[in-house]
Amino acid sequence: MTGQRRVLVVGLGISGMATAIRLHEAGWTPVVVERSPERRTGGYFVGLFPVGKAAAARLGVLAHMHLRTPPEHHTWTVDRAGRRHHSAGFLDQPGNPEGVMRGDIEEALRKRIEGRIEVRFATVPVAVQQTAEAARVTLLDTGGDRTYEEDYDLVVGADGLRSTVRRLVFGPDEKFMRSMHAIVCAFSLGHQVPGYPDSDQVILAQPGRSLWIFPFRDRTPTALFAYRTRDVDAEFRNDAITTLTSRFAGLDGGGMVAYALDQLRRQPDRLFDSVHQVRMPRWHDGRVVLLGDSAWCLTLYSGMGASAGMIGGVALGDALAAHPDDLPAAFTAWEKRMRPLVRKHQLLAHLKAQFFVPSNPFLAWVRGKVVAVVARRLTAAQRQSA
Ligand SMILES: Cc1cc2nc3c(=O)[nH]c(=O)nc-3n(C[C@H](O)[C@H](O)[C@H](O)COP(=O)(O)OP(=O)(O)OC[C@H]3O[C@@H](n4cnc5c(N)ncnc54)[C@H](O)[C@@H]3O)c2cc1C
């Protein structure tokens with residue numbers, strides 16, 4: 001493998017940066033293009049499980065990542081009337097996921113890229129043409145409104161759920177995106193919900209609707225509204241606040257819903273989106289490969305999307321290092337390694353969705369019972385270790 005092999009990485013998210021770092025290490029020369037005019041920061045709560053932390057360590061970024069799990073936290077489930085009881089939440093799952101902001105992972109990856117790898121902002125691919133020798137990519141500089149063509153040995157589409165590379169090379173979104181019939185809205189709170197310390201997780205999980213508060217060390221909590229719907233498109237006919245106010249009408253949780261909606265009005269930086277998995281029979285075509293949400297979007301329910309993006313980037317670099325002159329063999333080996341992980345977490349996401357937002361009263365009741373057992377075990381374990 002020589003330093004002359006050029007790879008175009010589309011997307012400066014977790015998956016794109018992880019891939020660029022690992023391929024650079026494997027001897028490739030990456031160019032990263034990003035649609036936004038500048039690097040995004042912040043984001044929302046992300047839990048990093050041990051496999052994700054291991055991938056971050058392999059990329060040399062874990063030590064530079066701002067980890068934010070509060071050293072001591074309590075988890076509360078709140079009922080419709082606002083009565084609270086001890087419970088178990090995201091941070092209490094097996095493997096003790098580490099709480100970070102998405103931006104914390106991206107910042108650690110960025111530090112590793114800076115000065116080593118070329119990044120072009122405000123740049124998007126508009127055409128990809130493959131020949132035996134190269135992938136010829138037409139790039140649009142949206143700032144200068146100028147297009148130009150460049151040849152690459154490899155193109156990695158790490159451009160997220162609604163990937164342009166996927167659309168250009170593999171087909172339309174409808175072919176691969178599977179709706180989970182849910183909407184989420186994630187945003188930062190200016191202050192914790194009144195009556196709770198900053199370090200506490202607070203959960204209101206009712207049939208079809210839920211509100212989660214995720215605590216951090218060193219910053220205010222983030223909130224997540226989640227609800228189920230059959231008609232996803234209808235949820236975008238109004239603005240996010242109007243829609244959420246209407247969808248959460250009649251659900252109070254002791255003032256928690258009204259408080260979160262009020263905080264949302266003050267917070268322009270929010271994510272309001274529908275939830276979809278991406279299911280594809282193959283993630284590569286010729287010299288083009290998809291990676292991360294563009295290839296397999298595991299969704300927030302899995303709690304593994306960020307981890308899988310880093311694992312995928314590391315694994316792709318490993319496969320290309322093992323098959324330096326044989327892209328098809330490298331892609332086949334890579335897919336073989338990634339498929340079991342992706343399949344497992346796409347299946348688990350459907351189960352975990354019931355933990356986030358139960359789909360009906362019976363499943364809400366089952367959820368409550370399961371969580372109560374887990375919470376009792378946690379309390380007993382904490383007493384024993386005290
Ligand atoms: C509310 C929420 C909570 C989550 N919680 C967790 C969690 O607890 N644990 C976990 O592991 N994961 C979690 N996830 C999932 C995780 O955030 C994603 O799986 C991960 O960030 C995906 O990274 P990515 O780089 O593949 O895609 P993205 O983050 O979507 O990045 C894609 C990048 O490509 C850029 N781009 C898009 N189109 C173009 C284009 N045409 N040209 C150039 N650039 C383009 C975008 O601007 C962006 O920078 C959560 C997700 C959400 C929404």
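Definitions and cut-offs
- Residues numbered from 1 in each chain as written.
- Predicted model: local features only at pLDDT ≥ 70, side-chain atom pairs only at ≥ 80, totals over all residues.
- Heavy atoms only, no water.
- Helix = DSSP H or I, 4+ residues; strand = E, 2+ residues; numbered from the N terminus.
- Phe/Tyr/Trp six-rings, centres within 6.5 Å; stacked < 30°, edge-to-face > 60°.
- Buried < 20%, exposed > 50% of the residue type's maximum accessible area, 1.4 Å probe, protein only.
- Lys NZ or Arg CZ within 6 Å of the ring centre and 35° of its normal.
- Pairing = 2+ DSSP bridges.
- Axes fitted to C-alpha atoms, helices over the stretch in contact; angles between N-to-C directions.
- Near = heavy atom within 4 Å.
- Polar contact = N/O pair within 3.5 Å; in protein donor to acceptor, adjacent residues only side chain to side chain.
- Nonpolar A, V, L, I, M, F, W, Y, C, P; charged D, E, K, R; others polar.
- Domains from an automatic or database assignment.
- Contact = heavy atoms within 4.5 Å.

K.L.:
Could you give an account of unusual backbone geometry, naming the residues involved and the relevant values?
P.N.:
The phi angle at Ala122 is positive, at roughly 50 degrees, despite the residue not being glycine. Positionally, Ala122 belongs in the loop between β7 (118–120) and β8 (123–130). Unlike most non-glycine residues, Thr299 shows phi in positive territory, near 80 degrees. Along the chain, Thr299 falls in helix α9 (residues 299–302).

K.L.:
I'd like to hear about the packing of aromatic side chains, residue by residue, with values.
P.N.:
Taken as a whole and judged by the stated rule, the model has 19 aromatic pairs. Each ring, one from Trp212 and one from Phe356, has its centre 4.9 Å from the other, and the planes form 35 degrees; the classification is tilted. Linking Trp212 in strand β14 (residues 209–214) with Phe356 in helix α11 (residues 327–356), this pair joins segments that are 144 residues apart in sequence. According to the relative accessible area criterion, Trp212 is buried, its value standing at 0%. Assessed through its relative accessible area of 3%, Phe356 is described here as buried. Aromatic ring contacts, followed pair by pair, group Phe45, Phe49, Phe90, Trp212, Phe214, Phe216, Tyr301, Phe355 and Phe356 into a single cluster. Positioned above the aromatic ring of Trp28 is the side chain of Arg5, whose terminal nitrogen or guanidinium carbon lies 6.0 Å from the ring centre. The side chain of Arg84 reaches across the aromatic face of Tyr196, ending 3.9 Å from its centre.

K.L.:
Just give me the short version of the sheet that holds β8, but keep the residues and values in it.
P.N.:
Pairing is antiparallel in the open sheet, where three strands are placed in the order β8-β9-β10. Looking along the sheet, the strands with just one partner apiece sit at the ends: β8 and β10 (146–152). Each adjacent strand pair in this sheet contributes to an overall mean axis angle of 25 degrees, direction not counted. Where β8 lies against strand β9 (residues 135–141), seven bridges are found, and the strand directions are antiparallel. Its bridge partner being in β9, Gln130 is matched across the sheet by Ala135.

K.L.:
Lay out the site of the ligand with the relevant residues and their values.
P.N.:
Close to the ligand lie 34 residues; Ser15, Glu34, Arg40, Gly47 and Asp293 are nearest. A distance of 2.6 Å separates an oxygen atom of the ligand from a polar side-chain atom of Glu34. Within the side chain of Arg40, an N or O atom sits 2.7 Å from an oxygen atom of the ligand. Of all the secondary structure elements, the ones that give two or more residues to the shell around the ligand are α1 (14–25), β3 (45–48), β8 and α10 (305–322). When the residues that make up the shell around the ligand are grouped by side-chain class, the tally is 16 nonpolar, 12 polar and six charged. Counting contributing residues, the shell around the ligand receives three or more from each of domain 1 (6–63 + 103–176 + 277–352) and domain 2 (71–99 + 181–276).

K.L.:
Now, about the side chain of Ser163: what can you tell me, with residues and values included?
P.N.:
One can find Ser163 in the loop between β11 (154–157) and α4 (164–169). When its relative accessible area of 0% is taken as the criterion, Ser163 is described as buried. When neighbours within four sequence positions are excluded, Ser163 is seen to be in contact with Asp173, Leu290 and Ser294.

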